[in-house]
Amino acid sequence: MFKKLVVAASLAATVAAHATFQEMWVNGVDQGSSCVRLPQSNSPVTSVTSSDIACNANPHPSNGVCQVMPGDEVTVEMHQQPNDRSCANEAIGGNHYGPVIVYMAKVDDATTAVGSSAKWFKVAEMGLPSSNPDYWATEVLNDNCGHFTFKVPSDIAPGNYLIRAEVIALHVASSVGGAQFYMSCFQVNVGGSGSANPPTVSFPGAYSATDPGILINIYQPLSTYTIPGPAPYATTSPAVANTPYPTTATWNTALQPSTVPTAVPTPGTKGIGKA
């Protein structure tokens, strides 16, 4: 609680801590920025009714499409500054506490699909994994050098998809419009022979500015947290524990690369680690 009060007194100094999702891994193979629509800047989106809430504000286009299979482990990677993959720096700093959420949307062509016209289903989320003391998904993200890993649902239909990785920073979310949304969209092709088409939501549309997980004062004791959006498909959200959350990294930070690949890896490329 004391930490949060100190945070509240120093919010003006947190602007430099903005961040973006910049890289992706598939089964421990570094895809770099080869298939991400990189945001123009690390500034957040603050309106849930803007089309920017889908894939950020006018992100850079990409011709890359990364290959994944149902059941693969996909890791999205966030950092504060472009091309900075150093684990010495927090992925998203300045006490930008909040959830990490991942969505997917099936599209005809991942390189041209418009995020605000796509139909999205949630595939992973983490909100407040511990309330004793309060420990947020963004803190787990920082423990792991900006890496967050999820599994591609095992039964989804093959084809092109967008992956939407998002952090919602709640440090000034006690008034309407205060929540900060940091998202990037990745372009992938899913193989296999699945047939499932999960129920979907739209961006904008999935969130309201007054949702309890968006309009919230996090500088009060919390025992629960309602993650915005629908329930995740074919998985569950981690329950809020009343014991301290472990801070040991599950990502092998010693093997974190310093450079950013820009070409989609060739099949058979050897991978490292996981988060």
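Residues numbered from 1 in each chain as written. Predicted model: local features only at pLDDT ≥ 70, side-chain atom pairs only at ≥ 80, totals over all residues. Heavy atoms only, no water.

Trainee: Quick one: what's the story with the sheet that holds strand S5 (residues 73–79), residue by residue and with numbers?
Mentor: In sheet architecture, strand pairing relies on hydrogen bonds along the backbone and comes in two forms, parallel and antiparallel. In spatial order, the strands read S2-S1-S5-S10; together these 4 strands make up an open sheet with antiparallel pairing. Every other strand in the sheet has two partners, leaving strand S2 (29–32) and strand S10 (147–151) as the edge strands with one partner each. Strand after strand, the sheet turns through a mean of 30° between neighbouring axes, direction not considered. (Pairing = 2+ DSSP bridges. Helix = DSSP H or I, 4+ residues; strand = E, 2+ residues; numbered from the N terminus. Axes fitted to C-alpha atoms, helices over the stretch in contact; angles between N-to-C directions.)

Trainee: Could you give an account of the confidence of the model for the protein, with specific residues and numbers?
Mentor: When pLDDT is averaged along the protein, the result is 93, and 93% of the positions lie at 70 or above. Every residue in residues 1–14 scores below 50 in pLDDT, and together they form 20 contacts with partners more than four places removed in sequence or on other chains. (pLDDT = per-residue confidence, 0-100. Contact = heavy atoms within 4.5 Å.)

Trainee: Give me the state of the cysteines: which residues, what numbers.
Mentor: For the coordinates displayed, the defined rule picks out 3 disulfides. What pairs with Cys 35 in a disulfide is Cys 66, and their sulfur atoms sit 2.1 Å apart. The sign of the S-S torsion, about -100°, decides the handedness of the disulfide formed by Cys 35 and Cys 66: left-handed. Residue Cys 35 is located in the loop between S2 and strand S3 (36–37), and its partner Cys 66 is located in strand S4 (residues 66–68); the two are separated by 31 residues in the primary sequence. Like Cys 35, the residue Cys 66 is buried in the burial classification. Note on cysteine connectivity: Cys 55 is disulfide-linked to Cys 185, with sulfurs 2.1 Å apart. With the S-S dihedral at roughly -85°, the linkage between Cys 55 and Cys 185 falls on the left-handed side. On the criterion of sequence distance, the pair formed by Cys 55 in helix H2 (residues 52–55) and Cys 185 in strand S12 (residues 180–190) is long-range, its members being 130 residues apart. On the basis of relative accessibility, which here comes to 6%, the residue Cys 55 falls in the buried class. Judged by relative accessible area, Cys 185 falls into the buried class, the value being 0%. (Disulfide = S-S within 2.5 Å. Buried < 20%, exposed > 50% of the residue type's maximum accessible area, 1.4 Å probe, protein only.)

Trainee: Hey, could you go over the side chain of Arg 164 for me, with residue numbers and the actual values?
Mentor: Tracing the sequence through the fold places Arg 164 in strand S11 (residues 159–169). Within the structure, Arg 164 has its side chain in polar contact with the side chain of Glu 166 (distance 2.8 Å). Contact partners of Arg 164, with chain neighbours within four places excluded, come to Ile 53, Ala 54, Ile 101, Val 102, Tyr 103, Trp 120, Met 183, Ser 184, Cys 185, Phe 203 and Tyr 207. (Polar contact = N/O pair within 3.5 Å; in protein donor to acceptor, adjacent residues only side chain to side chain.)

Trainee: So what's going on with the pattern of salt bridges? Residues and values would help.
Mentor: Throughout the structure, instances matching the rule amount to 5 salt bridges. Note that Glu 23 is salt-bridged to Arg 85, the shortest N-O span being 3.8 Å. In this pair, Glu 23 sits in strand S1 (residues 20–26) while Arg 85 sits in the loop between S5 and strand S6 (100–107), placing the two residues 62 residues apart along the sequence. Its relative accessible area of 2% is what places Arg 85 among the buried residues. The network of salt bridges with shared partners includes Glu 23, Asp 30, Glu 77 and Arg 85. (Salt bridge = Lys/Arg side-chain N within 4 Å of Asp/Glu carboxyl O.)

Trainee: Could you give an account of unusual backbone geometry, naming the residues involved and the relevant values?
Mentor: A cis amide bond, omega 0°, links Asn 132 with the succeeding residue Pro 133. Inspection of the secondary structure assignment puts Pro 133 in the loop between strand S8 (130–131) and strand S9 (134–135). Note the cis peptide between Phe 203 and Pro 204, where omega equals 5°. With respect to the secondary-structure elements, Pro 204 resides in the segment after S12. Residue Asn 27 is not a glycine yet carries a positive backbone phi of 50°. Residue placement: Asn 27 occurs in the loop between S1 and S2. Among the residues examined, Asn 27 registers a relative accessible area of 43% and is labelled partly exposed.

Trainee: So what's going on with the nonpolar core? Residues and values would help.
Mentor: Core analysis: the largest hydrophobic core is formed by 38 residues, its most contacted members being Met 24, Met 78, Met 104, Phe 150 and Ile 163. Looking at this core, the element that brings in the most residues is S11, giving 5 residues. By size, the runner-up hydrophobic cluster in this structure holds 35 residues, among which are Ile 53, Cys 185, Ile 214 and Ile 218. (Core = buried A, V, L, I, M, F, W, Y, C linked by side-chain atoms within 4.5 Å.)

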